[in-house]
Amino acid sequence: MPVDNPNISQDLPVIRQLDDAAINRIAAGEVVERPASAVKELVENAIDAGSTRIEIAYGDGGKTLIRITDDGCGIAEDQLPLALSRHATSKIDGSDLLDIHTFGFRGEALPSLGAVGRLTITSRVGRAPAASISVDGGAMSAVKPAALSGGTIVELRDLFYATPARLKFMRSDRAEAQAITDVVKRLAMAEPFIGFTLRDVTGGGEGRVTFRAEAETGDLFDALHGRLAKIIGREFAENALRIDAEREGLRLMGYAALPTYSRGSSVAQYLFVNGRPVKDKLLVGALRGAYFDFLSRDRHPAAALFIDCDPHLVDVNVHPAKSEVRFRDPGMARGLIVSSLRHALAEAGHRASTTVAGATLGAFRPEPVAQDAPARIYQMDRPSMGARNAAYQTQAPMAAMSEPGFADLTEAYSARVEPVGETAQPEAEDLPLGTARAQVHENYIVAQTQTGMVIVDQHAAHERLVYEKLKRQMAENGVAAQALLIPEIVDLSEGDCARLLTVSEPLSKLGLTIEAFGGGAVAVRETPALLGEVNARAMVLDILDELDDAGESMLVQAKLEAILSRVACHGSIRSGRRMRGEEMNALLREMEATPHSGQCNHGRPTYVELKLSDIERLFGRT
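Treat the numbers as computed from the prediction; the structure is a model and nothing was measured. (Residues numbered from 1 in each chain as written. Predicted model: local features only at pLDDT ≥ 70, side-chain atom pairs only at ≥ 80, totals over all residues. Heavy atoms only, no water.)

Moving on, we get to the overall build of the chain. Across its full length, the chain holds 20 helices and 24 strands. For the chain, the proportion of its 622 residues judged to be buried stands at 44%. Within the structure as shown, the chain displays about 32,900 Å² of accessible surface, and the carbon and sulfur contribution to it stands at 52%. (Helix = DSSP H or I, 4+ residues; strand = E, 2+ residues; numbered from the N terminus. Buried < 20%, exposed > 50% of the residue type's maximum accessible area, 1.4 Å probe, protein only. Areas by Shrake-Rupley, 256 points an atom, 1.4 Å probe, with all protein chains shown as cover.)

Rendered as structure tokens:
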């Protein structure tokens, strides 16, 4: 910093009271970051007004026009000027700032928007006449009569025209429009019983509808499931697990996807607290922690989770845009998310994502047909059980024939067929993974189910089974620790030392024993025996980094389970091993009984299920 250029002049500074226009522009800088922020504030007001239908229109990415139309309760004519005054609100009385049941409560949005743009509010309450009021760059007009059937229309034009410097930091129209869409979709998830319509009216006219979600019906979970299918996608809804758990005043609801339905980034993670969309580091870390044993580091879970609680248990007034919250007991919130998701994933058992089968079917290529050739018509009926058995006997290879049968072909081709006859177990086909019929390339088990077929990666499946067994043994017997001959002293700041000692007990259960050594130093006395020789100082510093970033550390447990994963890999059935029919069926039955067996230790699927109807469609049978 140059010494000759101080922040405050050499003269005695004078404290001044800023005028309302300057105050509102400063407040707008905190609340309204971009057009999407304005849309968020206005749509939240419409939701608080009890609307059942909300239409959002924008032009040029929201830079020239934002218009919100709702059918809510409206604003009385004599209260319109008060609605544009700072810290004037109908949502709280100021006696208890924690007892908040609405989206908005500060009374800053409307005056802030009016200070940086051209804002017009038209509203009607019941059978009373409609009225309109405008504010242009902070200058308020008189209330005027208007024509409106009901509800409220808020129109904001030329956002930031009164603060041109802010316009330089705006992104492209397309990027701003995408941000608006994201905001509307998040609010639509939180309110499945409200209908939302989003229009791009750039250039004038009715524009085009870019997003529409009709109001859902039924109970809360059915409505939420339908809304998530509309917004996140039908595939997410098909592969999502229902979450419903409660603990000490906190209730967690929503849907979380199977590990095999993972994403390359965290774009499909939606978190809500008391209906309010939030991007909270604690909750994101809890979601990641619940899946960390099922996904590799470059994959991210997909989920839409809603935490509902008494407003006094959470503070929503810690961020200007209310996008972050602070729980009275953050450990309780985190533990609820982790335990609920892990319980749901365990109950899912061997289930894997249906998108795996879709990708498999998509890899099949139909028979090439000339462009001018007529469409081929297939007319085939599915044979009965008796006809199939007769066909099996007729086509069975005979020992007297010189032509090779299936048994003779096993030497030339890497495949082996299990006999279907007296030794077959028809009742096994009723089980989820069916009964083994063949082994292909000494690595893939082909099983027949009641509704189709299953292809199992024998190495990946058995690796997961062994891994789960090793984890259970570690949980039951504990982690063996090896004492260091000379404890390693790690010097830290007093704050880091105190933060590390708060997690000393869970670390000690994982075999890492640390103790205070005076000042800001800690002594590492034991390390997990399974890890062998470790750099204790580096491990302690890495744990501190995770505590700073996510509020907790999974480093030691992740290292231990990584070793268990490697042990499981070496101790499982190898690719290239020929398996007998009873071995293949035993593997299928163990997969059905073991949680998380639908994906390997890296989140990849262990089996693919193909429905008979899909297979028949490939061959033109339907």
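All chains considered together, the criterion is met by 23 salt bridges. Between Glu468 and Arg464 there is a salt bridge whose closest N-O contact spans 2.7 Å. Separated by four residues within a single helix, Glu468 and Arg464 lie in helix α14 (residues 458-477), roughly one turn from each other. Neither residue differs from the other here; Glu468 and Arg464 are each classed as buried. Between Lys611 and Glu609 there is a salt bridge, with the nearest N and O atoms lying 3.1 Å from each other. For Lys611, a relative accessible area of 36% corresponds to the partly exposed category. Via salt bridges that share partners, Arg577, Arg580, Glu582 and Glu583 belong to a single interconnected network. (Salt bridge = Lys/Arg side-chain N within 4 Å of Asp/Glu carboxyl O.)

The sheet built from five strands is open, its strands ordered β10-β11-β14-β12-β13 with mixed pairing. At either end of the open sheet lies a strand with only one pairing partner, and these are β10 (240-247) and β13 (276-278). Here the strands of the sheet are splayed against their neighbours by 20 degrees on average, with no regard to which way each runs. The pairing of strand β12 (residues 269-273) with strand β14 (residues 303-308) spans five bridges and is classified as parallel. Pairing of Val273 across the sheet is with Ile307, part of β14. Contacting β10, β11 (250-257) and β14, helix α7 (residues 220-231) crosses the sheet at an angle of about 40 degrees to β11. (Pairing = 2+ DSSP bridges. Axes fitted to C-alpha atoms, helices over the stretch in contact; angles between N-to-C directions. Contact = heavy atoms within 4.5 Å.)

Right, let's get into the packing of helix α6 (residues 173-190) against α7. Following both chains from N to C, one finds α6 and α7 inclined at 165 degrees, their axes separated by 9 Å at the closest point. Judged by the inter-axis angle, α6 sits roughly antiparallel to α7. The handedness of the crossing between α6 and α7 is left-handed. Only Leu224, Arg227, Leu228 and Ile231 of α7 make contact with α6, whose side of the interface consists of Lys185, Ala188 and Met189. (Parallel < 35°, antiparallel > 145°, perpendicular 65-115°, else oblique. Left-handed = near helix turned anticlockwise from the far one by under 90°.)

The next point concerns the packing of aromatic side chains. What the rule picks out here adds up to three aromatic pairs. Seen from their ring centres, Phe221 and Tyr255 are 6.1 Å apart, and the 80 degrees between their planes marks the pair as edge-to-face. Here Phe221, found in helix α7, pairs with Tyr255, found in strand β11; they are 34 residues apart in sequence, far enough to count as distant. For Phe221, a relative accessible area of 7% translates into the label buried. For Tyr255, a relative accessible area of 6% gives the class buried. When the ring of Phe272 is compared with that of Phe306, the centres are 4.4 Å apart and the planes differ by 5 degrees; the resulting orientation is stacked. Placement of the pair is Phe272 in strand β12 and Phe306 in strand β14, with a sequence separation of 34 residues. For Phe306, a relative accessible area of 9% corresponds to the buried category. Between Arg118 and the ring centre of Tyr161, over which it is positioned, the NZ or CZ distance is 3.8 Å. For the cation-ring pair, Arg242 lies above Phe221, with the distance from its terminal atom to the ring centre recorded as 3.7 Å. (Phe/Tyr/Trp six-rings, centres within 6.5 Å; stacked < 30°, edge-to-face > 60°. Lys NZ or Arg CZ within 6 Å of the ring centre and 35° of its normal.)

Below, the discussion takes up the pairing of strand β19 (residues 444-448). As defined by bridge partners, strand β18 (residues 435-440) adjoins β19 across five bridges and the pair is classed as antiparallel. Counterpart to Thr435 in the pairing with β19 is Gln448. The antiparallel pairing of β18 with β19 creates a hairpin that spans three residues between the two strands, and His441 there sits at a positive phi of about 55 degrees. Bridging between β19 and strand β20 (residues 452-457) involves five bridges; their strand directions are antiparallel. For Tyr444, the partnering residue across the bridge sits in β20 and is Asp457.

A word on the nonpolar core. Ranked by size, the top nonpolar core spans 61 residues in total, and within it Val43, Ile54, Ile56, Leu119, Phe196 and Phe236 carry the most contacts. Here the element with the most residues in this core is α6; it accounts for nine residues. In terms of nonpolar packing, the next biggest core, distinct from the first, is built from 35 residues, Ala256, Leu287, Phe294 and Leu295 among them. (Core = buried A, V, L, I, M, F, W, Y, C linked by side-chain atoms within 4.5 Å.)

Our next topic: the environment of Ala38. When you line up the elements, Ala38 lands in helix α2 (residues 35-48). Taking the C-alpha atoms as reference, Ala38 lies 9.0 Å from Leu159; in sequence the two are 121 residues apart.

Before going further, it helps to spend a moment on helix α10 (residues 330-347). Here α10 spans 26 Å end to end across 18 residues, near enough to the 26 Å set by a 1.5 Å rise per residue. Looking only at α10, the buried set comprises Met332, Ala333, Arg334, Leu336, Ile337, Val338, Ser340, Leu341, Ala344 and Leu345. Where the residues of α10 are buried, they touch β10, β11, α9 (281-291), β14 and β16 (326-327). (Expected span 1.5 Å × (residues − 1).)

Let's shift gears to unusual backbone geometry. We note that Phe160 has phi near 70 degrees; this positive angle belongs to a residue other than glycine. The residue Phe160 is located in the loop between β7 (151-157) and α5 (164-167) in this model.

All right, on to the confidence of the model for the chain then. Across the chain, the average pLDDT comes to 81, with 81% of residues at or above 70. Within the chain, the element-level pLDDT minimum falls on helix α13 (residues 406-409), averaging 47, and the maximum on strand β8 (residues 195-200), averaging 96. Predicted confidence is poor over residues 398-410, with pLDDT under 50, and the contacts of this stretch with residues over four places away or in other chains come to five contacts. (pLDDT = per-residue confidence, 0-100.)

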